[in-house]
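In case you want the letters, here they are:
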Amino acid sequence: MTLLAFDWAFIIEKLILIAIIVLTTLLITLYTTFGERKVAAILQDRPGPNRAGPFGLLQPLADGLKLIMKEEIIPNASSRWLFIIGPGLAMTASLMTCAVIPWGTAIHLFGRTIELQVADVNIGILYIFAVVSMGVYGIMIGGWASNNKFSLMSALRAASQAISYEIAMGLALIALLMTTGTLSLKTIVEDQTAGHWWNIVYQPLGFVIFFICAMAECNRTPFDLPEAENELNFGYHQEYSSMKLGFYLFAEYVNMIMSSAIMASMYFGGYDLPFFDETTVAPNIAAMIGLGTLLIKIVLFVFLFMWIRWTIPRFRYDQLMNLGWKKMIPLALFNMLLTGALILSKL
Amino acid sequence: MQALTNKSIAVNRTPMTFWERMYLINIIKGMMITFSHMFKKQPTVRYPEQKREFSPVFRGLHVLNRDEEGRENCTACGLCAVACPAEAITMEAAERQEGEEHLYKEEKYAAKYEINMLRCIFCGLCEEACPKDAIYLSETFAPANYTRKGFIYDKNDLLIPNTLTNANALAKAKGVEA
Amino acid sequence: MNVLEIIFYALSAFALVCAIMVLISKNPIHSVLWLILVFFAISGHYILLNAQFLAIVNIIVYAGAIMVLFLFVIMLINVKKDSEPQKQLFVKLIGVIAGGSFLTLSISLVKQAMPLVGKTVPLKEGTIGLIHPLGKALFNDYVVPFEISSVLFLSAMVGAVLIGKK
Amino acid sequence: MNAIIVSTLLGVIMMFCSWGIKSQQVQKNIALIGLLILIIANLSQSYGWFVVDFDTKGMLKYSFFGLYANTLLFTLTFIYVWINGEEIAKISNASADFYSLFFFILCGISILTSFDNLLMLFLGIEILSIPLYILTGADKKNMFSNEAALKYFLMGSFSTGILLLGITFIYGATGSFHLTAPVVSISTGVAQEQILLSTGLILLFAAMNFKVSAAPFHFWTPDVYDGAPTVFTSFMATIAKAAGFIAFINVFNSQHKALGYSWTLLLTFVILSTLLVGNIIAVFQRSVKRMLAYSSIAQAGFMLFALYGKSDISYESTLLYAVVYSIATIGIFAVLVKMKENSFEAFNGLGKAQPLLAFTTTVFLFSLAGIPLTGGFFAKYYMLSSLLKAGAGLWLVLVAVVFAAISIYYYFKIIQAMYFTAGEPAINPLPSQYKYQLLTLAILLLVLGVFPNLLLNYLYF
Amino acid sequence: MPIQYYIYFCLALFSIGVVGVLTRRNAIIVFMCIELMLNAVNLLLVAFSKMYNGLALQNGASATAGIDAQIFVFFIMVVAAAEVSIGLAIIVMMYRNTHSIDINFLNRLKN
Amino acid sequence: MMLVSFLFLPILAAILLLFIKNNKTAQWVAILFSGLSLLVALLMLRIPTTDFNIAWLPNLNTRFILHADGLSKILILLTAISFPAILLATANNEYKNRNVFLSLLLFAQAGLMGVFLAGDALLFYFFWELALIPIYFLCSIWGGEKRIAITFKFFIYTFLGSLFMLAGILFLNAHTSDHSFLINSFIHANLTGGEQVTAFALFFIAFAIKMPIFPLHTWQPDAYEQSPTAVTMVMSAVMVKMGLYGILRWLMPLFPAAFMAHTHVVVLLSVIGILYASFIAIRQDDLKRLIAYSSIAHIGLMNAALFTHTQIAIQGALIQLFSHGINVLGLWMVADIIEQQTGTRSMQQMGGLAKKQPTLAILLVGFALANIALPLTNSFVGEFLMFTGLFQFSPWMAACAGVSVVLAAIYTLNMVQKVAYGAISEKINTMQSSNKGAQAVLIIMLIIVLVTGVYPQPLFSLTADTLQELFVK
């Protein structure tokens, strides 16, 4: 009867946590789409969506409803199963990242200590990499299964872009890991909380590289070559409609939030509120404050993404590749060497 | 070549320096520009609620006018159709019968009068051509429609509401006040 | 039979089925996808053996990078289902027989291998698969091959550039 | 260690040369200078001078044999580049890249001559192979070259898989990747219990056979050698292959006991089938390049004789054979490169049109055939001698001798075409310097044909 | 879990790879089958590594016994990555010229 | 030093010749140098020789040893005589690239000298091949129409044979106590009976192909016919002696037991060969082929004599080594003069030589008589001794072989009759006054034939030490 020998409460706790995190993430994502439109509008001196609900706050729900109500169209010439799997994969991969992000310190409920993190994997950063590298399959499979030249082209672009920038991203992270000495995100955040400076102080260049690469990984403008409307009509989700399209669109935003969360955790102290001593308040409140801090940081990063999107024009494809291979990677290598040299000299 | 005006700016073709090639400064400049726009006043006019003043010479939808007794001015002379550069106007004339004097100003009237708003370029030539002051361009937009057919405005769509019987409608159609 | 064993059998069966699907799929894209599933199953095995580092690296390197490249190339050159000329049935049969006899031969050899009898693989235990001991070993005992593998990458890089250049 | 480090550095330098330096001639000269530096660096290791000296944790083991093999192979590469530099430049305008690949190959070779751990064997073989795949496909517009590269690559990777399975089994049986682990394990265990180990060693053996193109794992060789650009075929068939043999002998000279009688049986089978396949099929070839591919298989059969016994003479014979065979093959390929076509008819009347060239070709062919007064004789002699000293049967020597006689047939077909058949040779114009370079090679072979000791004495310093 | 089970399983995977190499003509699929073979070897190595580690733990010997096999697996992955880059480059190059990735192309030309 | 000069002079000349483009100069240089080596050879008969012995390849334990005993000396003398004679006789023949031709010929001479002098097995093998390879080129380039295929056959045959010998040398080397190649260590190698037979077979195949003995002779008539005459002369006069020399020098001392065990087989083979060759010679119309088959028959007889292992027969064979060389050389020269001037080798088209060219006819008759071993000619002594030995060995064999004498008389006289007598044929009539130099050489050689026929004592005394060594042991 070893089957029942698990700590069921633990599992239930984690399941609830997962559900909450996923649902919250989805909710935030919904509002990020709204936020995107609002930010775009504000940056362009216009009001943005404001009809549905007060200040247009119900707009994302309307959008979602619209996507769900639309007709499901699966092209005849497509590979049916892959066509369906594609968006699901994209969505799953982007949501899986949140498993290792520490959303806050532990809270105490019903006599249990509940970590606000689904799993403290000791190789959390590698896990993130693994998941991120999976994400590209969603796009590739979807693009290919559509049996449309534009979709295929953009899927290929997405893949090559993702692969290219992953390298620089990894190298930038390695430099960070050299300073932290651990791969666990929780430890990294705790180190920053406990009196040290935030890692951004040690790794400014690394952060810039990571940030740029994160943008490229999320297919955000100026790296949104896969969706370059003027060349590729609509990109890899050209043939998609209804909620499958919605999944692709959501996946992009989820990615954005997740990369913001990662950046916040790794370079900006995660749930650490600076100049505030958490021990002065009750642990649960401290956790809530931490969560709020992290969310604010995420929002700031998301805003930064959007800000950039609405400022900088899209790259040409060769420029994109040049930037990735000839600028980012050498720069990341340089950063790594520099970090190594500094660490050694300090020793 | 000598510049014709002093407005033209010669393109600077000197190779960019290292810092320029980094584009960082320019990127930050650009970002600041967009950021500064956050705090600018929005020029948006919230349309259905707010409307903007039209200029006095604005040419909107056509209106078939009536005289002060509420009779149609149009005599179906066809001059407007001749003047129309887009050939958007068609009409059929009819003779005024006994007992219709309160409807039509002259003996002849337009039994059918259609303007294809998809063709119309809102040049106002019809207005100028009309000897009877029967057609003029209002200040309203052409509303959206689901079918092409809906854009062919017939007489009912064009005729201005009767001043005597329906004064409010008239005022609304003129678009002068909400 | 405990849970771990069930997981072992399930993963193995899954991996074998997927591997066979790789073989018999007509469409190369499907083959790639099946192969990715095989890699996931193998990663599952690694986790079962508590070789976390390798599990993740397996996903990152094989499933994440290598298979993306495969998919990429297949899409790029757009291999259609029908474009692969099939080998003759005879050749296929020979191939299957050869592989099968290799399997039976080696299994029968392993069966006879006395020193293996009674040796077991501890599941979900041990710390050698974690990143700390591995990192220590890699940079102490295996630093020479580690450095030398960079030569491998250099040559692969030069080669890829050489071949890829128009 | 010196060789590994310096060759890598030089490879990187050459890599950047393709950026900065456009002149092919300069690139070639840099490569030559680099090779000289490499040779000097390698030699200086034997006098205890290390570029970087650190503990390799049992990964590498420097023996004088390994260092000397390095020196010889580097020198051969020097000769190869010296002669073929212009031809390499013709393949593509990126000859610096090719040189850089050569240096990486040399790095692989230096590993293969000194590894003491199966992991290093694996890495060495891969570092050696990957540039070779690329060199095979270097003629990008040529369908055959592409095809050859693909074939070579797939076959090579497949054999890597086999190699790894073999290594895994050895590990499973011994719990170590150290080269001597099997021997240790055997000396402590019962033979009956070594099934896993033996299986592993046999798989390893098969994979190594693959790398040196011994039958029945030879089938990639003709296509690949035929398809690859001729200059690179020359490199592949000589230096790379010699390195393969040195690795082979390094692995297996300590493992004899593991396989016991079955080892001899296996080796005999492989050698005989290699000799048979190589020689018999070579007889029927119509293209010289293909004939040379098969002949290289046949020569591999001869080289495998060195694996029979663990004695000094088997090391000697490996080195001598490798060097002599390489010189002759580099020479004959250098001639072939200048031919407009690869058929035997292309050589018609060469003896009249280009007496010097024909003479050098003759020397190369004589050497390949193992005729006395050329180095090839002593190479074959040492092989057979090591075979006899290892206690193998005379019948094996006789079979080898018969196959050597058969090889005369196809080598002499070229000589006959050159001297005895009238005709206009289909040959590109030759710079006179080229002829003298070839003549140098021929003289080298002749000198080795009388005084092989010039080469071998250094083994006993 | 007895070590034999792992060996059987890995050999089965390996053999499937071998069969694939022998029966398919599409170069990419052949290549994929080779990757499958490598993976089988990897898993087997890890299993052996754990086996030796377990034995060492039982005997109270060093706790890091068997770690070298895991390192080896790491190197195999590294090499496989390099190999794939080259292999796919070659395949693409060939496709540019022949518009086919049939590995028997040369044989067809010969006839 | 004297022994080295036998190698040194021809090689020097050969290398010099490569750079001499002028035909006439080349010819004279070649003749000069071969004449020099003849001088040295004659000198050698008077002065005792010292061995030349230096280390060659120390780690192989092989030495560069040149050693001359009676057997070597007699064959060196033959070689030294043959080459100037051949060069003089063929001085007027047309060869393209004459300097290369002569150079190769002199290389072959060096090889032959080396074979007869080498005291180390590996060295022996080296010279064995050095003698072969120039011949291959000579035949293939300057030979007749079907030269390529036939020469190749010849080459493969002999090369395969020599490879077997190499295997044998290796085998013996592995069994010597000091792992050297010296003939003395070989003699003292400890071999079991089976091993001795194996090694014997390996050596014997090489020698048998070279001589050649039935049934390994098939390359010979074709090769003789297709080769340029100068080369044919070298092959039949000197090169075949390599095989006989090998038997005397290597087989007999090295493998006494195996040798004794195989005497009957080999003698039988030889006798079959003799009869076979003689019968075919009778049927020949081609002058060169006739001489070739006749040569096979004679060599066969010598081989049979060696394998009787009786002192008297071997004494005869030793003398015959020299005599047969001179005789067959003379015959070839005459045949060559005829062929060069008439352009035919068919005896049908000849006739009346005695009337047109009396001197030449006399020479032909002289050598023909020597060929059938008439008393007073040199062959008589040798053949008589050989037959005696053969009779001691086995009367039946002797009887069979004796038939060959009759047959030899038949075909030789038939040849003489067809060529020299009868009406002057069309072809013979075209002959110009014959080459004076060649005739002078022929006359000298005929004198040698007669002198050694009448007074063979110098030859006996020359070979006495060899004989003693062979039988005392």
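Peer 1: Explain the overall build of chain D to me, using residue names and the numbers behind them.
Peer 2: A count of helices and strands for chain D gives 19 helices and zero strands. Relative to the 2.2 N^0.38 estimate, which gives 23 Å for 461 residues, the radius of gyration of chain D is 21 Å and therefore close to what a compact globule would have. Principal axes of the C-alpha set define a box for chain D whose edges measure 70 × 55 × 45 Å. Looking at chain D residue by residue over its 461 residues, the buried ones come to 71%. Carbon and sulfur atoms form 67% of the exposed surface of chain D, whose accessible area is close to 13200 Å².

Peer 1: Break down the interface of chain E and chain C for me, with residues and values.
Peer 2: The partner chain C presents 83 residues to the 76 residues of chain E that form the contact. For the pair chain E and chain C, the two sides together bury roughly 7000 Å², of which 78% comes from carbon and sulfur. On the chain E side of the contact with chain C, Met1(E), Met32(E) and Lys50(E) bury the most area, a combined 11% of that side's loss. On the surface where chain E and chain C come into contact, there are zero salt bridges.

Peer 1: So what about unusual backbone geometry? Which residues, and what values?
Peer 2: In this structure, Pro216(D) follows Ala215(D) across a cis peptide bond, with omega equal to 0°. The topology assignment puts Pro216(D) in the loop between helix H8 (195-211) and helix H9 (220-227). With an omega of -5°, the peptide bond running from Met211(F) to Pro212(F) counts as cis. By the element assignment, Pro212(F) lies in the loop between helix H8 (193-210) and helix H9 (219-226). The phi dihedral of Asn219(A) is positive, around 55°, even though this residue is not glycine. Within the secondary structure layout, Asn219(A) lies in the loop between helix H8 (204-217) and helix H9 (229-232). Owing to a relative accessible area of 6%, Asn219(A) belongs among the buried residues under this scheme. At Asp133(B), a position not held by glycine, the phi torsion is positive, near 60°. By the secondary structure assignment, Asp133(B) is in the loop between helix H4 (125-129) and strand E4 (135-137).

Peer 1: How would you summarise the packing of aromatic side chains if you had to cite specific residues and measurements?
Peer 2: Centre-to-centre distance and the angle between the planes together describe a pair of aromatic rings. Residue and element names in this part refer to chain A. In this structure the tally under the stated criterion is 98 aromatic pairs over all chains. Residues Tyr-31 and Phe-34 carry aromatic rings whose centres are separated by 6.0 Å and whose planes lie at 80° to one another, so their mutual orientation is edge-to-face. Taken together, the positions of Tyr-31 and Phe-34, both in helix H1 (residues 8-43) and three residues apart, correspond to about one turn of that helix. Exposure remark for Phe-34: the relative accessible area of 8% places this residue in the buried category.

Peer 1: Would you mind going over the environment of Ala131(F) in detail, with residue names and values included?
Peer 2: Residues and elements named next belong to chain F. Within the secondary structure layout, Ala-131 lies in helix H5 (residues 121-142). Accessibility expressed as a relative area gives 0% for Ala-131, which makes it buried. For Ala-131 and Ser-294, which are 163 residues apart along the polypeptide, the C-alpha to C-alpha distance reads 23 Å.

Peer 1: Give me the packing of H8(D) against helix H10 (residues 230-252) of chain D: which residues, what numbers.
Peer 2: All names here are of chain D. Packing of H8 against H10 brings their axes to within 10 Å, and their N-to-C directions diverge by 165°. By the criterion of interaxial angle, the relationship of H8 to H10 is roughly antiparallel. Regarding H8 and H10, the two cross each other, and that crossing is left-handed. Packed against H8, whose contacting residues are Leu-201, Leu-204, Phe-205, Met-208 and Asn-209, the element H10 presents Gly-244, Ala-247, Phe-248, Val-251 and Phe-252 at the interface. When grouped by side-chain class, the residues that make up the contact of H8 with H10 number eight nonpolar, two polar and no charged.

Peer 1: Outline the pattern of salt bridges, supporting the account with residue identities and numerical values.
Peer 2: According to the stated counting rule, one finds 22 salt bridges over all chains in the structure shown. Note that Asp223(D) is salt-bridged to Lys151(D), the shortest N-O span being 3.0 Å. Highlighted residues: Asp223(D) in helix H9 and Lys151(D) in helix H6 (residues 143-174), separated in sequence by 72 residues. For Asp223(D), a relative accessible area of 8% gives the class buried. Judged by its relative accessible area of 12%, Lys151(D) is buried. Each of the salt bridges in this network shares a partner with another, and the network as a whole consists of Glu36(A), Arg220(A), Glu252(A) and Arg309(A).

Peer 1: Requested: an account of the packing of H6(D) against helix H2 (residues 27-59) of chain E, with residues and values cited.
Peer 2: Where H6(D) meets H2(E), the axes come as close as 10 Å, and the angle between the chain directions of the two elements is 15°. Comparing their axes, H2(E) and H6(D) come out roughly parallel. Our pair here, H6(D) against H2(E), has a crossing hand that is left-handed. Within the contact of H6(D) with H2(E), the residues separate by chemical class into 22 nonpolar, six polar and no charged.

Peer 1: Describe the interface of chain D and chain E, listing the residues and the values that go with them.
Peer 2: At the junction of the two partners, chain D supplies 41 residues and chain E supplies 41 residues. Across the chain D-chain E interface, the total number found is zero salt bridges. Across the contact surface, chain D and chain E share four residue pairs in polar contact (both at pLDDT 80 or more). Contributing elements (two or more residues each) for the side of chain D that touches chain E: helix H5 (118-136) and H6 of chain D. Tallied by class, the residues present in the side of chain D that touches chain E amount to 23 nonpolar, eleven polar and seven charged.

Peer 1: A description of helix H4 (residues 124-145) of chain A should follow, citing residues and the corresponding values.
Peer 2: Residues and elements named next belong to chain A. Between its terminal C-alpha atoms H4 stretches 32 Å, which fits the 32 Å expected from 22 residues at 1.5 Å a residue. Burial analysis of H4 places 21 of its 22 residues in the buried class, which makes it a mostly covered element. Trailing H4 by a residue or two, Asn-147 shows a phi angle of about 60°, which is positive.

Peer 1: Could you give an account of the arrangement of the chains, with specific residues and numbers?
Peer 2: Looking at the six pairs of chains with contacts, the pair that accumulates the most is chains C and E. Nothing in chain A touches chain D, and the closest approach of their C-alpha atoms is 14 Å. Nothing in chain E touches chain F, and the closest approach of their C-alpha atoms is 30 Å.

Peer 1: Lay out a nonpolar patch on the surface in plain terms, naming residues and giving numbers.
Peer 2: Residues and elements named next belong to chain B. On the surface, a cluster of nonpolar side chains totalling about 1000 Å² of accessible area is made up of Met-16, Phe-18, Trp-19, Met-22, Tyr-23, Leu-24, Ile-25, Ile-27, Ile-28 and Met-32. Per-element tally for the nonpolar patch: the top contributor is helix H2 (residues 24-37), with five residues. Residue position: Ile-25 is located in helix H2.

Peer 1: Break down the nonpolar core for me, with residues and values.
Peer 2: Counting 620 residues, the largest nonpolar core has Leu121(D), Phe305(D) and Phe378(D) as the members making the most contacts within it. The residues that make up this core include at least three from each of domain 1 (3-129) and domain 2 (130-166) of chain C. Discounting residues that sit within four places of it in the chain, Phe378(D) has contacts with Leu320(D), Leu448(D), Gly449(D), Val450(D), Pro452(D), Trp56(F), Leu57(F), Leu60(F), Leu122(F) and Phe126(F). Residues Ile89(B), Cys126(B), Ala134(B) and Tyr153(B) belong to the second largest nonpolar core, which totals 22 residues.

Peer 1: Go over the confidence of the model for chain B, please, and point to the residues and values.
Peer 2: Parts of the prediction with low pLDDT should not have their coordinates interpreted in detail. Mean pLDDT for chain B: 81, with 92% of residues reaching 70 or above. Mean pLDDT in chain B bottoms out at helix H6 (residues 167-174) of chain B, which sits at 66, and peaks at helix H3 (residues 79-83) of chain B, which reaches 89.

Peer 1: Got a sec to walk through empty space enclosed by the protein? Specific residues and values, please.
Peer 2: Residues and elements named next belong to chain A. Tallied over the full model, the rule gives 13 cavities of 30 Å³ or more. Within this model, the largest cavity holds a volume of roughly 380 Å³. Elements supplying a minimum of two residues to the lining of the largest cavity: helix H3 (80-96), H4, helix H5 (149-180), H8 and helix H10 (242-267). Counting residues per element, the lining of the largest cavity draws most heavily on H10, which supplies seven residues.

Peer 1: A description of the side chain of Gln315(F) should follow, citing residues and the corresponding values.
Peer 2: With respect to the helices and strands, the residue Gln315(F) is situated in helix H13 (residues 311-342). In this structure Gln315(F) touches Leu385(F), Phe460(F), Thr463(F) and Leu467(F), once residues within four positions along its chain are discounted.

Peer 1: Got a sec to walk through the pairing of strand E2 (residues 62-66) of chain F? Specific residues and values, please.
Peer 2: Residue and element names in this part refer to chain F. Among the five residues of E2, four are classified as buried, and the element is accordingly described as predominantly covered. Relative to E2, strand E1 (residues 52-57) runs antiparallel, the two being bridged by five bridges. For Phe-52, the partnering residue across the bridge sits in E2 and is Leu-66. Between E1 and E2, which follow one another and run antiparallel, lie four residues, and Asn-61 among them has a positive phi close to 65°.

Peer 1: Report on the sheet that holds strand E3 (residues 108-116) of chain B, specifying residues and quantitative values.
Peer 2: Residues and elements named next belong to chain B. Sheet architecture is open: three strands sit in the order E2-E3-E5, paired in antiparallel fashion. Each edge of the open sheet carries a strand with a single partner, namely strand E2 (89-95) and strand E5 (152-153). As judged from the seven bridges shared by E2 and E3, these two strands associate in the antiparallel manner. Considered in E3, the bridge of Glu-95 is made with Lys-108.

Cut-offs and rules
- Residues numbered from 1 in each chain as written.
- Chains lettered and ligands numbered in written order.
- Predicted model: local features only at pLDDT ≥ 70, side-chain atom pairs only at ≥ 80, totals over all residues.
- Heavy atoms only, no water.
- Helix = DSSP H or I, 4+ residues; strand = E, 2+ residues; numbered from the N terminus.
- Rg over C-alpha atoms; globule rule 2.2 N^0.38 Å.
- Buried < 20%, exposed > 50% of the residue type's maximum accessible area, 1.4 Å probe, protein only.
- Areas by Shrake-Rupley, 256 points an atom, 1.4 Å probe, with all protein chains shown as cover.
- Contact = heavy atoms within 4.5 Å.
- Buried area = accessible area lost by both parts, 1.4 Å probe.
- Salt bridge = Lys/Arg side-chain N within 4 Å of Asp/Glu carboxyl O.
- Phe/Tyr/Trp six-rings, centres within 6.5 Å; stacked < 30°, edge-to-face > 60°.
- Axes fitted to C-alpha atoms, helices over the stretch in contact; angles between N-to-C directions.
- Parallel < 35°, antiparallel > 145°, perpendicular 65-115°, else oblique.
- Left-handed = near helix turned anticlockwise from the far one by under 90°.
- Nonpolar A, V, L, I, M, F, W, Y, C, P; charged D, E, K, R; others polar.
- Polar contact = N/O pair within 3.5 Å; in protein donor to acceptor, adjacent residues only side chain to side chain.
- Expected span 1.5 Å × (residues − 1).
- Patch = residues over 30% accessible without salt bridge, like charges linked within 9 Å, V, L, I, M, F, W, Y side chains within 5 Å.
- Core = buried A, V, L, I, M, F, W, Y, C linked by side-chain atoms within 4.5 Å.
- Domains from an automatic or database assignment.
- pLDDT = per-residue confidence, 0-100.
- 1 Å grid on protein atoms, 1.4 Å probe; cavity = no way out; pocket = protein on both sides within 12 Å on 5 of 7 lines; lining within 4 Å.
- Points joined across faces, edges and corners; volume = space filled by probe spheres on them.
- Pairing = 2+ DSSP bridges.

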